[in-house]
Amino acid sequence: MAESSVQDKIPSRHLAAAATEEYSCEFGSTKYFALCAFGGVLSCGITHTAVTPLDLVKCRLQVDKEKYKSVGNGFKVTIAEGGAAGLFLGWAPTAIGYSAQGLCKFGFYEVFKDMYSKAIGEENTFLYRTSLYLVSSASAEFFADIALSPMESCKVRIQTSPVGTFPRTLRGAFPKILKEEGIGGFYKSIVPLWGRQIPYTMMKFACFERTVEAIYQYVVPKPRAECSKGEQLIVTFAAGYIAGVFCAIVSHPADTLVSYLNKAKGSGVGDAVKVLGWSGLWGGLVPRIFMIGTLTALQWFIYDGVKVQLGLPRPPPPAMPESLKIKLGLVQE
């Protein structure tokens, strides 16, 4: 797909690529959204699986602060009880669950953003672009969490249950939950999961999009179109890390509730809040900031890298449409 054709789908915006570059698909096409979803699978599946040890310690700090007193102590106790292999408990549901989540998160985000943008028009898309990012990402995450929840339930129970009280593998955990609690057992924490993931994803996408825009406007000394692909990916990583820090903070109390509810059978959100207390809701925040900051940066780096490798159109940060400039008196007709 040549650049001129792509621009028909994105009025008044020029894609960051040489005019002679060929794209593998048209922006907004079914193939485009499918490849974005594939990028999401790799982005979330690889990164979350890679940080399984840190996630495991974080979950244990949240549900048993008496036994696991700090991040370092958590690693020490975990290795003492299960060896180095014990740090990777729950890797399988992590890989499967977050791959499914990534497919929906990134794929549906692109779908909803395109759909909502067309519904409100080009000028409103620019004027209310932050709201567009927030609504599109929230819509995508709603479905992404439905895909994630069964594996998240298995993962948390594998990682936080005392030794000998629950299976340590996915093939043992999944049928046990299904037999004892039915399908509902996989979704008992879906509400706090939405409470954790929807604000997280709204921050992840909106903060990232606006940070990229700010970096190109105030930091990078040349337009994005003149930057190499490597330079563009560096900007992507930096913006992703900044977004990740904010993501971790806004979603952490709900993350603690998810960990606690999956461990404590029969407990509700109110019960969990009462037991944990205000300070308990923020347990494990420091490792989670490090984990989510790194994760988010790597996820955006991988996702954008997949787009580059697959030849997908990559619109740069938005510019004010000419029609809006005329309305605002910034240019003459």
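Residues numbered from 1 in each chain as written. Predicted model: local features only at pLDDT ≥ 70, side-chain atom pairs only at ≥ 80, totals over all residues. Heavy atoms only, no water.

Student: Would you mind going over the packing of helix 5 (residues 91-120) against helix 9 (residues 190-219) with me for this structure?
Tutor: Between two packed helices, both the angle of their axes relative to each other and the distance between the axes serve to describe the pair. Running from amino to carboxyl end, helix 5 crosses helix 9 at an angle of 55°, the nearest separation of the two axes being 13 Å. With respect to each other, helix 5 and helix 9 are oriented oblique. Between helix 5 and helix 9 lies a crossing whose hand is right-handed. Here helix 5 contributes Tyr 98, Gln 101, Lys 105, Phe 106, Tyr 109 and Lys 113 to the contact with helix 9, which in turn contributes Arg 196, Gln 197, Tyr 200, Thr 201, Lys 204, Phe 205 and Glu 209. The residue inventory of the contact of helix 5 with helix 9, partitioned by class, reads five nonpolar, three polar and five charged. (Axes fitted to C-alpha atoms, helices over the stretch in contact; angles between N-to-C directions. Helix = DSSP H or I, 4+ residues; strand = E, 2+ residues; numbered from the N terminus. Parallel < 35°, antiparallel > 145°, perpendicular 65-115°, else oblique. Left-handed = near helix turned anticlockwise from the far one by under 90°. Contact = heavy atoms within 4.5 Å. Nonpolar A, V, L, I, M, F, W, Y, C, P; charged D, E, K, R; others polar.)

Student: Please explain helix 3 (residues 52-63) as it appears in this structure.
Tutor: Note: α-helices contain 3.6 residues per turn, so residues at a spacing of three or four share the same orientation. Here helix 3 is twelve residues long and its end C-alpha atoms lie 17 Å apart, about the 16 Å a rise of 1.5 Å per residue gives. Where burial is concerned, most of helix 3 is hidden: twelve out of the twelve residues are buried. Of the positions making up helix 3, those classed as buried are Thr 52, Pro 53, Leu 54, Asp 55, Leu 56, Val 57, Lys 58, Cys 59, Arg 60, Leu 61, Gln 62 and Val 63. (Expected span 1.5 Å × (residues − 1). Buried < 20%, exposed > 50% of the residue type's maximum accessible area, 1.4 Å probe, protein only.)

Student: Where do I start with the side chain of Thr 160 in this structure?
Tutor: If you trace the backbone, Thr 160 turns up in helix 7 (residues 129-160). At 2.7 Å, the side chain of Thr 160 and the backbone oxygen of Val 156 are in polar contact. (Polar contact = N/O pair within 3.5 Å; in protein donor to acceptor, adjacent residues only side chain to side chain.)

Student: Can you help me understand the packing of aromatic side chains in this one?
Tutor: Remark: the centre distance and the inter-plane angle together describe each pair of aromatic rings, the angle taken between the planes. Under the definition given, this model contains 18 aromatic pairs. Between Phe 112 and Tyr 116, the aromatic rings sit 5.6 Å apart at their centres with planes inclined by 25°, giving stacked as the arrangement. Placement of both Phe 112 and Tyr 116 in helix 5 is noted, with a separation of four residues, approximately one turn of the helix. With relative accessibility at 14%, the residue Phe 112 sits in the buried group. For Tyr 116, a relative accessible area of 23% translates into the label partly exposed. Aromatic side chains Phe 205 and Trp 300 sit 5.1 Å apart centroid to centroid with 75° between the ring planes, which places their arrangement in the edge-to-face category. Pair noted here: Phe 205 is in helix 9 and Trp 300 is in helix 12 (residues 285-309), with a separation of 95 residues, a long-range link. On the basis of relative accessibility, which here comes to 5%, the residue Trp 300 falls in the buried class. Taken together, the ring pairs connect Phe 106, Tyr 109, Phe 205, Phe 208, Trp 300 and Tyr 303 into an aromatic cluster. Against the face of Phe 126 rests Arg 129, its NZ or CZ located 4.3 Å from the ring centre. (Phe/Tyr/Trp six-rings, centres within 6.5 Å; stacked < 30°, edge-to-face > 60°. Lys NZ or Arg CZ within 6 Å of the ring centre and 35° of its normal.)

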